[in-house]
Amino acid sequence: MSLIVNEPYDDSGHEDPGHPERPDRSTAAMAAVTDLHLGSDLIIATTRAATRAELIRVHNGNYLDELGAFCYGGGGDIDQDTYATLDSWSIAVLAAGGGIAVIEELQRRSEGVGFVVARPPGHHALADRAMGFCLLNNVAIAAAGLLTQGERVLIVDWDVHHGNGTEQIFWDEPNVLYVSTHQWPLFPGSGSASEVGGRHAIGRNVNIPLPPGATGDVILRALNEIASPIIEDFDPTWVLVSAGFDAHRADPMAEFQLTSGDFALAASWVAGFVPRPGRLSLFLEGGYDLDALRSSICATLSSLLGRNQDCEDPSNGGPGMDRIVRIQDARHAAIDMLHQADKEDDQ
Ligand SMILES: [Zn+2]
């Protein structure tokens, strides 16, 4: 099976000295691809900038204008966590365009797995606001493009943080199913199990908040018990992954205890929902320990490509198993309430 990766672009201008979201991250991600020794099975999709028409499916026009102007004015701090530089606009549109380019290449081939090395990352970016190191919501922009083609898109977000931007953008969209595992409490503070989607998309938002210290066995069991039946029922035609690797035990940003072997297992779980060859693409989100990032990407991709690559043993024994039933209960209660409100409106 082929791996389709977006053509590397110069992202060195999107940097704030000392900030963890740094150019070394994309270098580490590409090193992981090299570690796979794919030869002619590695396909590079020519990168292009996302167009305004593609961005505006997800982001508000005023926000795009303001972000562009802010960057071209020299940039600076957007909030406590998020920066932009003179070059950030042109780099961010290449990240978003890289995602679209990879999907287009997958569609041409009807084969392979996509991996988008995207900097800056995207899943915290809201329709009208940058947030959490993210400027443009790369995975949402790709999904929105697929929606215009009549697809039904599953987005699995295994970054350790809740993808509040993606949740907000598709809150009331019945043709997107968003599934997120994340540590709670943690930035950005959202991601409760009772956030189940808007009234046109009841149940299409699946949050799985788990405690600090959670290990791979907890996350896999939660995905299997909570998300698997919902995904089967949704029956996606495309599968996108917000693939952050900051849930790794070595990552400095959070306290999940995953290993590279856990990411390989999560990847193989996701692969079970891909309806046809060439309908799966991963988007790099977080991951701030460079060695963990490299080994976790390598394990994830080798699992998807059916290659044998050494990786760390899966982790187990951490807290959170008891949360699975509580998450289910909170979801069901929220869904019942929305249906009840709908009924009352109809009367
Ligand atoms: Zn993250």
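Look up: the structure comes first, before these words.
Here's a quick rundown of the structure.

Quick notes on the rules
- Residues numbered from 1 in each chain as written.
- Predicted model: local features only at pLDDT ≥ 70, side-chain atom pairs only at ≥ 80, totals over all residues.
- Heavy atoms only, no water.
- Pairing = 2+ DSSP bridges.
- Helix = DSSP H or I, 4+ residues; strand = E, 2+ residues; numbered from the N terminus.
- Axes fitted to C-alpha atoms, helices over the stretch in contact; angles between N-to-C directions.
- Contact = heavy atoms within 4.5 Å.
- Expected span 1.5 Å × (residues − 1).
- Buried < 20%, exposed > 50% of the residue type's maximum accessible area, 1.4 Å probe, protein only.

Describing the sheet that holds strand 7 (residues 176-183)
By way of backbone hydrogen bonds, the strands of a sheet pair with one another, either parallel or antiparallel. Pairing is parallel across the open sheet formed by 8 strands, whose spatial order is 2-1-5-10-9-6-7-8. Edge positions in the sheet fall to strand 2 (42-45) and strand 8 (205-210), since each has one partner strand and no second. On average, adjacent strands in this sheet sit at an angle of 15° to one another, irrespective of strand direction. Both strand 6 (residues 153-157) and strand 9 (residues 238-243) contribute to a ladder of 5 bridges, which runs parallel. If you follow Val153 over to strand 9, its bridge partner there is Trp238. Relative to the sheet, helix 9 (residues 290-305) contacts strand 1 (3-6), strand 5 (113-116) and strand 10 (280-284), its axis offset from that of strand 10 by approximately 180°.

Digging into helix 1 (residues 24-35)
Compared with the 16 Å implied by 1.5 Å per residue over 12 residues, the 16 Å span of helix 1 between its first and last C-alpha is a close match. Phi for His37, located one or two positions after helix 1, is positive at around 50°.

Some words on helix 3 (residues 61-72)
Taking 1.5 Å as the rise per residue, helix 3 with 12 residues should run 16 Å; its terminal C-alpha atoms sit 17 Å apart, in good agreement. Looking at the packing, one finds that the buried side of helix 3 touches helix 2 (52-55), strand 3 (75-77), strand 4 (83-85) and helix 4 (88-109). Residue Gly74 follows helix 3 closely and has a positive phi angle near 115°.

Regarding the environment of Phe245
Within the secondary structure, Phe245 sits in the loop between strand 9 and helix 8 (260-271). Since its relative accessible area comes to 1%, Phe245 is described here as buried. Residues Phe245 and Leu293 lie 48 residues apart in sequence; the distance between their C-alpha atoms is 5.9 Å. Ignoring any residue separated from it by four or fewer positions in sequence, one finds Phe245 in contact with Trp158, Asp251, Phe263, Leu284, Gly286, Gly287, Leu293, Ser296, Ile297 and Thr300.

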